[in-house]
Amino acid sequence: TRPFFLEQLNLEVERCKRNNEPLSTFLMDIELIGVNVKENVLITENVVKALAQVIMEQTRRVDIFARWDDFRFIIALPRTSSELAFSITERMTMAVEKAQFDGIGRVHINAAVVETHGQYSVEEIITRMENKLEHMKVNDHSVNVTLADV
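If you're wondering where the values come from, they're calculated on a predicted model, not measured in any experiment.

Quick question: what am I supposed to make of the packing of aromatic side chains here?
Any pair of aromatic rings gets described here by the distance separating the centres and the angle formed by the planes. As enumerated under the stated definition, the model contains two aromatic pairs in all. Measuring from ring centre to ring centre gives 6.3 Å for Phe5 and Trp68, while their planes differ by 75 degrees; the resulting arrangement is edge-to-face. Linking Phe5 in helix H1 (residues 2-19) with Trp68 in strand S2 (residues 64-69), this pair joins segments that are 63 residues apart in sequence. The same class applies to Phe5 as to Trp68, namely buried. Taking the centre distance of 5.4 Å and the plane angle of 20 degrees together, the rings of Phe65 and Phe73 count as stacked. It is Arg2 that lies over the ring of Trp68; its NZ or CZ is 3.7 Å from the centre.

Looking at this model, I keep getting lost on the side chain of Asp29. Mind explaining?
The topology assignment puts Asp29 in strand S1 (residues 23-33). A relative accessible area of 9% means that Asp29 is categorised as buried. Within the local environment of Asp29, its side chain forms a polar contact with the side chain of Arg72, the two groups lying 3.1 Å apart. If near-sequence neighbours (up to four positions away) are discounted, Asp29 is found in contact with Phe71, Arg72, His108, Ile109, Asn110, Leu133 and Lys137.

Got a minute to help me understand the side chain of Glu12 in this structure?
Considering the arrangement of structural elements, one finds Glu12 in helix H1. According to the relative accessible area criterion, Glu12 is buried, its value standing at 15%. Polar contacts involving the side chain of Glu12 include one to the side chain of Arg15, which spans 2.8 Å. Setting aside residues up to four positions removed in sequence, Glu12 forms contacts with Leu23, Ile64 and Pro78.

Help me out: how do you make sense of the pairing of S2 in this one?
Each regular strand carries side chains that alternate between the two faces of the sheet. Where S2 and strand S3 (residues 72-78) come together, five bridges link them in antiparallel fashion. Residue pairing for S3: Ala66 is matched across the bridge by Ile74. In this structure, the hairpin formed by S2 and S3 is closed by a connection of two residues.

I'm lost on helix H3 (residues 82-98) in this one. Help?
For the α-helix, the turn length of 3.6 residues means that residues three or four positions removed from each other point alike. With 17 residues, H3 should reach 24 Å at 1.5 Å per residue; the first-to-last C-alpha distance of 24 Å fits that figure. Within H3 the residues assigned to the buried category are Ser82, Ala85, Ile88, Thr89, Met92, Thr93 and Val96. Angularly, the buried residues of H3 cover 140 degrees about the axis, an arc narrow enough to put them on a single face. Opposite the packed face of H3, turned more than 90 degrees from it, sit the exposed residues Glu83 and Lys98.

Sorry, what's going on with the nonpolar core here?
As a rule of thumb, nonpolar side chains are buried together in soluble globular proteins. By size, the foremost hydrophobic cluster in this structure holds 22 residues, and its most contacted members are Phe26, Met28, Leu51 and Val107. Looking at this core, the elements that each hand over two or more residues are S1, helix H2 (41-57), S3, H3 and strand S4 (106-116). Per-element accounting of this core gives the leading share, six residues, to H2. For Met28, the contacting residues outside a window of four places in its chain are Ile55, Phe71, Arg72, Phe73, Ile75, Met92, Thr93, Ile109, Asn110 and Ala111. In terms of nonpolar packing, the next biggest core, distinct from the first, is built from 20 residues, Leu27, Ala76, Val114 and Ile125 among them.

Rules used throughout
Residues numbered from 1 in each chain as written. Predicted model: local features only at pLDDT ≥ 70, side-chain atom pairs only at ≥ 80, totals over all residues. Heavy atoms only, no water. Phe/Tyr/Trp six-rings, centres within 6.5 Å; stacked < 30°, edge-to-face > 60°. Helix = DSSP H or I, 4+ residues; strand = E, 2+ residues; numbered from the N terminus. Buried < 20%, exposed > 50% of the residue type's maximum accessible area, 1.4 Å probe, protein only. Lys NZ or Arg CZ within 6 Å of the ring centre and 35° of its normal. Polar contact = N/O pair within 3.5 Å; in protein donor to acceptor, adjacent residues only side chain to side chain. Contact = heavy atoms within 4.5 Å. Pairing = 2+ DSSP bridges. Expected span 1.5 Å × (residues − 1). Arc of directions from axis to C-beta. Core = buried A, V, L, I, M, F, W, Y, C linked by side-chain atoms within 4.5 Å.

Honestly, that's just the spatial picture; any functional story needs more than this.
If you want it as structure tokens, here you go:
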């Protein structure tokens, strides 16, 4: 859940600040292509749950994963630089986009990554990722994964 994730992220931010270790966090925005989300609520919810399973299979034991809202997932990657987070995010994106889901054409993902060594608060991390995703949507970027200010 979101409250649990925020609590864990706050603990990780404090830990990375204390130990001067990187913490990367990324926000994934899911777009279901070929389905009318408002008319097919049950199909949509089943697909989102299946997506969560595919993503969870790509995470490590130390990673913190949560559904952020209807079509967004968030993952914190302790002791992970933005460069490594970028490749992890690409791997997850490819796994999701390769997966087959009943009732939809395909899935497209945009993701924004932020790295911190404790200089950003949890709120700043979230805001940076959300702003980057909004910028990608507004400008119709074809790039799937983009680093936010690191």
